[in-house]
Amino acid sequence: MNGMITKMYDLFQLNSLKRRMRFWFIFLILLFVILSFFSLALYGRKLYEYDSQDHIQQLLSLQHFIIEIFTLPFIIVVLLGIIITFWLSNQVENTIYKVLEGAKSISKAKFGYRIDPTSYLHEPIELQELCKTFNRMAEMIESNLLSVQKSEERYRSLIELSPNAIVVHQDSKIVYANPAFIRLIKADSLNDFLGQNIIKFIHPDFQEIVKERMYLLERNTPVGLLDEKYVMMDGSIIDVQVIATPIEYMNKPAFQVIIQDITDRKIMEKELQASQEKYRLVVENVKEVIFQTDIQGRWTLINPAWQEITGYTIEESIGNTLFDYIHPDDLEQNLHTFQALIEGKNEYCHLETRYLTKSRGLRWVEVNAKITLGEQGQIIGTSGTLDDITKRKNAEEQLRASEERFRLIAESSSDMITMHDENGYYLYASPACKELLYYSEEELVGIDSYSLIHPDDIKTIQNNHKALLEIGSTVCTYRIRRKDGQYLWFESSVKLLPRTYSNDTKWIVVSRNINERKLAEEKLEQANAMLHRLSTIDGLTGVANRRAFDARLEIEWNHCNLIAKPLSLIMLDIDYFKPYNDVYGHLGGDECLKAVASAIQHTLERSTDFFCRYGGEEFSVILPETDKNGANKVAEKIRTAIEALQIPHQESSISQWVTVSVGSATIIPNLNSSPTDLISYADKAVYQAKKDGRNCVRNYESLFETYC
């Protein structure tokens with residue numbers, strides 16, 4: 001049946017739904033007409049068969065006529081129309097159902113769904129177009145989806161590999177971040193901060209600004225770049241530049257933030273700003289004039305030092321030429337020099353010239369200038385500095401006059417006047433050098449003065465040289481070699497030459513021969529040394545006397561006090577010495593004292609031990625850093641040595657030989673004791689030795705323990 005209908009459609013070219021509906025409408029009308037004629041024919045036949053006039057009259061009534069003629073055709077056509085309508089609607093419904101099924105599949109992300117072309121091949125052209133349109137739309141969606149997926153993959157790849165940090169946040173919570181952001185905030189992984197509030201990583205000083213920008217972005221108000229600070233996971237702070245844009249992430253509105261670390265740039269900007277500030281301060285405060293001119297010589301830049309030198313303000317000078325301020329006598333030289341620069345004959349120039357001041361005065365100026373090049377390498381002017389050298393010029397003039405006076409003085413002076421460079425070489429020598437050193441002026445110039453100094457005095461001269469550089473002047477005495485090889489004593493007054501007279505380090509030396517004075521001083525020193533020796537040496541025994549003892553005891557006391565070590569003192573008396581003098585005479589007594597002193601001196605082994613004649617027949621020994629036991633041993637050794645001399649003593653009550661009574665004391669010096677305490681203790685020990693029968697050794701500390 002369907003095949004026949006399809007052939008009929010093809011025969012009558014009923015390929016559209018509209019034509020098919022017209023066709024069936026016409027078909028139903030024709031069918032109704034045909035059935036009506038057929039019904040009418042049947043109705044006429046009935047009239048022919050009925051002969052009853054009443055019945056015919058009844059059949060011929062209008063109502064009956066209509067019912068008889070049209071009822072059956074109408075019913076047939078209506079039923080057939082309903083069937084055709086259901087049939088056509090079923091075709092449309094099937095097609096629409098296929099399209100709806102495809103739409104549902106696409107909505108479920110099944111983008112590969114297509115309506116089979118064979119299933120709508122014989123459908124009306126409108127439905128075919130609908131199916132074809134759906135298939136094209138599905139193909140387009142799938143193609144676009146693939147393009148979007150590829151684009152997203154490329155975009156994600158770019159984001160993942162981007163050197164800039166990129167973070168996405170929804171409702172201020174971080175939902176995505178690329179590896180660069182993880183490295184930027186010094187996190188180990190995305191999980192360390194995923195879900196955290198983005199505000200946490202923003203420095204408190206910038207949080208309100210960021211919140212305001214987020215508010216604007218939510219209302220689609222564009223915002224530009226922002227320089228701010230981020231707080232890292234470890235608490236450190238960096239400078240960043242961010243730009244934020246609203247996006248849709250996972251079907252929800254979000255913000256994508258691109259972050260660039262500009263810490264290094266900020267540091268460089270600060271350094272550049274500081275450098276520019278320093279440069280500005282230098283330019284504004286430097287004493288030299290810093291200038292720039294164009295190719296006509298007009299000032300285009302001058303710093304405040306210009307007003308200090310010339311009196312003209314910057315405002316009234318800019319635009320004027322430099323030649324307006326140059327002394328007429330120097331104008332030609334300056335014009336020639338400037339022209340040589342502008343024409344490229346020279347790249348740099350240096351000259352000294354005179355500038356006119358606003359007060360009609362003159363200033364000497366040292367000019368250092370060079371050409372200034374434009375972007376294309378062409379000469380566009382000059383730049384350089386102007387240094388006020390008026391004082392130097394005046395000083396040079398004064399120096400010339402001073403040098404003339406100096407030369408007259410130097411040539412007439414009996415003292416030798418010389419000038420030296422920083423290494424000591426002679427630069428000038430006055431005529432007196434020939435009389436003092438036998439060298440002529442020409443012979444001395446260029447010689448290293450250190451080569452003439454006595455080797456033993458080199459160190460002294462070097463120290464004086466250092467002092468000279470620090471304080472500017474010194475006086476020293478030393479020996480210097482004459483041309484004949486003999487040394488004589490010099491006294492030299494040395495003064496550093498001021499920089500106003502010379503750019504290099506130089507000094508002036510005035511020297512005189514003090515040979516005779518030095519010889520007299522040496523004799524005086526020898527006499528003083530002899531006098532000092534005589535004042536500290538006992539004239540009879542040749543050992544130290546009481547004066548030397550007092551001085552040495554003070555020294556050793558302070559030394560032991562400083563290091564907290566014991567100091568011991570031995571004192572001894574010759575037993576019954578007065579009777580010895582009475583029997584053997586004073587000469588015999590003197591010989592006895594000499595023998596005893598010699599024996600004690602030979603007994604002492606350490607160079608630090610100090611032995612002296614304390615007075616009369618009394619002697620003492622100072623033992624630094626020696627305790628009680630050591631002192632007792634030395635004391636006993638002395639007593640034994642004197643007894644071993646076997647000097648006869650017939651008036652002694654205890655022995656036929658000369659003996660001694662020895663006392664020792666030991667103390668560790670402190671603030672609560674003094675050297676006199678030590679002498680007192682030793683003296684008491686001597687007294688105890690005499691009391692105990694003489695010719696023995698007693699220690700003050702032992703006595704104290706006994707009495708206690």
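Note that this is a predicted model, so its numbers are computed, not measured. (Residues numbered from 1 in each chain as written. Predicted model: local features only at pLDDT ≥ 70, side-chain atom pairs only at ≥ 80, totals over all residues. Heavy atoms only, no water.)

Student: Account for unusual backbone geometry, with residues named and values stated.
Tutor: The backbone of Tyr 576 sits at a positive phi, close to 50°, despite the residue not being glycine. As for its placement among the helices and strands, Tyr 576 is situated in the loop between β16 (567-574) and α18 (577-603). Not every positive phi belongs to a glycine, and Arg 694 is a case in point at roughly 65°. Mapped onto the elements, Arg 694 comes out in the loop between α20 (675-691) and β20 (697-699). When its relative accessible area of 24% is taken as the criterion, Arg 694 is described as partly exposed. (Helix = DSSP H or I, 4+ residues; strand = E, 2+ residues; numbered from the N terminus. Buried < 20%, exposed > 50% of the residue type's maximum accessible area, 1.4 Å probe, protein only.)

Student: Lay out helix α17 (residues 546-563) in plain terms, naming residues and giving numbers.
Tutor: Look at α17: 26 Å from first C-alpha to last across 18 residues, which is about the 26 Å you get at 1.5 Å a residue. Considered for burial, the residues of α17 that qualify are Ala 548, Phe 549, Leu 553, Glu 556, Trp 557 and Cys 560. Along the long axis of α17, the arc covered by the buried residues comes to 160°, so they all point the same way. Among the exposed residues of α17, those oriented more than 90 degrees off its buried face are Arg 547, Ile 555 and Leu 562. The N-cap of α17, judged by a side-chain oxygen 3.2 Å from the amide nitrogen of Arg 547 a few residues on, is Asn 545. Downstream of α17 by one or two residues, Ala 564 has phi in the positive range, about 55°. (Expected span 1.5 Å × (residues − 1). Arc of directions from axis to C-beta. Polar contact = N/O pair within 3.5 Å; in protein donor to acceptor, adjacent residues only side chain to side chain.)

Student: Pulling in residues and values, what's your account of the pairing of strand β12 (residues 426-429)?
Tutor: By the bridge criterion, three bridges tie strand β11 (residues 416-421) to β12 in an arrangement that is antiparallel. Following the sheet pairing, Met 419 is matched in β12 by Tyr 428. In sequence, β11 turns back onto β12 through a hairpin of four residues, with Gly 424 there showing a positive phi of about 95°. (Pairing = 2+ DSSP bridges.)

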